[in-house]
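Given next are the chains, with one letter for each unit.
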Amino acid sequence: MVSGLLHEPLAGTLVTSYFSQRTLRRAISCAGIGLHSGRKVTLSLRPAAAGSGIRFRRSDLGGVEVPAQVNHVGAINYATGLMSGAVQVDTVEHLLAALVSLGIDNVTVELSSPEVPIMDGSAAPFVYLIQEAGIRTLEAPRRYMKVLRPISLTRGDKRIAIYPSDHFKVTYSIAFDHPLLRHQSRTIRLTSDAFVDEIAPARTFTFLKEVEMLRQQGLALGGSLENAIVISDTGVLNNGLRFDDEFVRHKILDVIGDMALVGHPMIGHLVAHRGGHALHTAFAARVLEETDAWMLVEGRADAGHAIPASLPTSVHPVRAN
Ligand SMILES: [Zn+2]
């Protein structure tokens, strides 16, 4: 099974010549509220050993852990939740997007209640936390998932696919029955810098007419204009947008976070139309099932970029298909 490969050291590899795994230099914390639960929560990010991946830990439940892996996907209610036994963690996607985009392979995410804080509705506060903590390189090679042939998933008018490419790129398009976002589409080649500048600040959004319905379902209880763009029939209730196409940029942020659940940075072109967390996470599971459509590679490096602008010419196949 694929996951077993994550922890297998390769005999005879010269580790320093590869893109290395990374963690944080020190622990760092922040406090906030859950978007859906409205509950206060303290979030701490702690350094973790090579090969341990991204793991959530519930400090209020004696430190029970939930790995950020697609086989732990739980409830999808306008956000992505993870489960391990009866223990859940909710709204993980924005934090995961920031971690993987800044090249943090291993970290323990400690929460004092079930839901990751929403902060300002974007990933920018998590980027700031990671940058404040600093990044430490570990003596273990990072393994990328290189896509060899297309994989796709369609549900009604929603589609998502990934195609072979030398870079990690995302194209997203959205279409809502609303004059502000009838159609938005954007393609971005993801590097750490591109994520920080172009994607991380984009906030989550909701329609004013849906807010009451969400609250009746016990959702969006912590939502406000401080942490979400609220769209009325004629415009946005907030004091302006951060980008003209902030909505589609936020969808790119969401899909990066959801696809982090495959457990490896991907080398391929991800293309999505009208997706949401249910489609994204189902696709992450599909990708892991189609083991002949990709291989794990270690990129040779002579510089320590978090995400290579292109995969170095010499790649070492970890696993033949
Ligand atoms: Zn989101």
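Note that the coordinates shown come from a computational prediction; the quantities given were computed from them, not determined experimentally.

The rules behind each value
- Position numbers for residues count from 1 along each chain, tracking the sequence in the order it is written.
- Under the rules for a predicted model, residues below a pLDDT of 70 receive no local features and side-chain atom pairs below 80 are neither given nor counted, while totals for whole chains, interfaces and linings still include all residues.
- Derived side-chain values reflect all non-hydrogen atoms in the structure, with water molecules and hydrogen atoms excluded from consideration.
- Helix and strand definitions follow DSSP, with helices as H or I runs of at least four residues and strands as E runs of at least two, each counted in order from the N terminus.
- Relative accessibility thresholds used throughout: buried, under 20% of the residue-type maximum; exposed, over 50%; partly exposed, between the two (1.4 Å probe, protein chains only).
- Here the open area of atoms and residues is found with the Shrake-Rupley method and a 1.4 Å probe, where only the protein chains shown may cover a residue.
- Expected helix span is given by 1.5 Å per residue-to-residue step, counting one fewer step than there are residues.
- To obtain the arc, one takes the directions from the helix axis to the C-beta atoms.
- In what follows, residue pairs with any heavy atoms lying within 4.5 Å of each other are defined as contacts.
- In this listing, donors mean N, O and S atoms no farther than 2.8 Å from the metal, or 3.2 Å for Na, K and Ca; water is missing from the atoms, so a site can look incomplete.
- To get an axis, fit a line to the C-alpha atoms, keeping to the stretch in contact for a helix; angles then go from 0 to 180 degrees between the N-to-C directions.
- Every angle not falling under 35 degrees, over 145, or within 65 to 115 is termed oblique; those three ranges are roughly parallel, roughly antiparallel and roughly perpendicular.
- Note that Gly is not counted as nonpolar here; it falls among the polar residues with everything else outside the nonpolar set of Ala, Val, Leu, Ile, Met, Phe, Trp, Tyr, Cys and Pro and the charged set of Asp, Glu, Lys and Arg.
- Only residues whose relative accessible area exceeds 30% and that form no salt bridge are eligible for patches; like-charged ones are grouped when within 9 Å, while nonpolar side chains (Val, Leu, Ile, Met, Phe, Trp, Tyr) are grouped when within 5 Å.
- Salt bridges are identified by distance alone: a Lys or Arg side-chain nitrogen within 4 Å of an Asp or Glu carboxyl oxygen.

Caption draft 1: Seen up close, the overall build of the chain. Counting its regular elements, the chain contains six helices and 20 strands. For the chain, buried positions account for 55% of its 321 residues. As displayed, the chain offers around 13600 Å² of accessible surface, 51% of which is attributable to carbon and sulfur atoms.

Caption draft 2: Helix 5 (residues 246–259), seen in detail. The terminal C-alpha atoms of helix 5, which comprises 14 residues, lie 20 Å apart, in line with the 20 Å expected from a rise of 1.5 Å per residue. When you tally the buried positions in helix 5, you get 14 out of 14 residues, the bulk of the element.

Caption draft 3: Quick peek at helix 2 (residues 124–133). All of the buried residues along helix 2 are Phe126, Val127, Leu129, Ile130 and Ala133. The buried residues of helix 2 occupy an angular sector of 160 degrees when the element is viewed end-on, so they sit on one face. Buried positions along helix 2 lie against strand 1 (20–24), strand 2 (28–33), strand 3 (40–47), helix 1 (93–101), strand 10 (135–141) and helix 3 (192–199). Of the residues trailing helix 2, glycine 134 is marked for its positive phi of about 85 degrees.

Caption draft 4: Molecular detail of unusual backbone geometry. Backbone geometry at tyrosine 78 places phi at a positive 60 degrees, although glycine is not the residue there. Position of tyrosine 78 relative to the elements: it lies in the loop between strand 6 (73–76) and strand 7 (80–84). Looking at tyrosine 78, the relative accessible area reads 47%, which means it is partly exposed. Positive phi outside glycine occurs at threonine 91, with the angle close to 55 degrees. Looking at the secondary structure, you find threonine 91 in the loop between strand 8 (87–89) and helix 1.

Caption draft 5: A look at the coordination of the zinc ion. Bound to the zinc ion are the protein donor atoms His94 (NE2), His250 (NE2) and Asp254 (OD), situated 2.0 to 2.1 Å from the metal. Spacing between the donor residues of the zinc ion along the chain follows H-x155-H-x3-D. Taken together, the positions of histidine 94 in helix 1 and histidine 250 in helix 5 put the pair 156 residues apart, joining distant regions of the chain. Taking the relative accessible area as the measure of exposure, histidine 94 reaches 5% and is therefore buried. The class of histidine 250 is buried, set by a relative accessible area of 1%.

Caption draft 6: Quick look at the packing of helix 1 against helix 5. Packing of helix 1 against helix 5 brings their axes to within 7 Å, and their N-to-C directions diverge by 80 degrees. By the angle between their directions, the pair helix 1 and helix 5 is classed as roughly perpendicular. On helix 5, the residues touching Glu93, His94, Leu96, Ala97, Val100 and Ser101 of helix 1 are His250, Leu253, Asp254, Ile256, Gly257 and Asp258. Counted by class, the contact of helix 1 with helix 5 contains five nonpolar, four polar and three charged residues.

Caption draft 7: Local environment of a nonpolar patch on the surface. A cluster of nonpolar residues, Leu208, Leu225 and Leu237, forms a patch on the protein surface that exposes about 260 Å² of accessible area. With respect to the secondary-structure elements, leucine 208 resides in helix 4 (residues 208–216). Taking the relative accessible area as the measure of exposure, leucine 208 reaches 42% and is therefore partly exposed.

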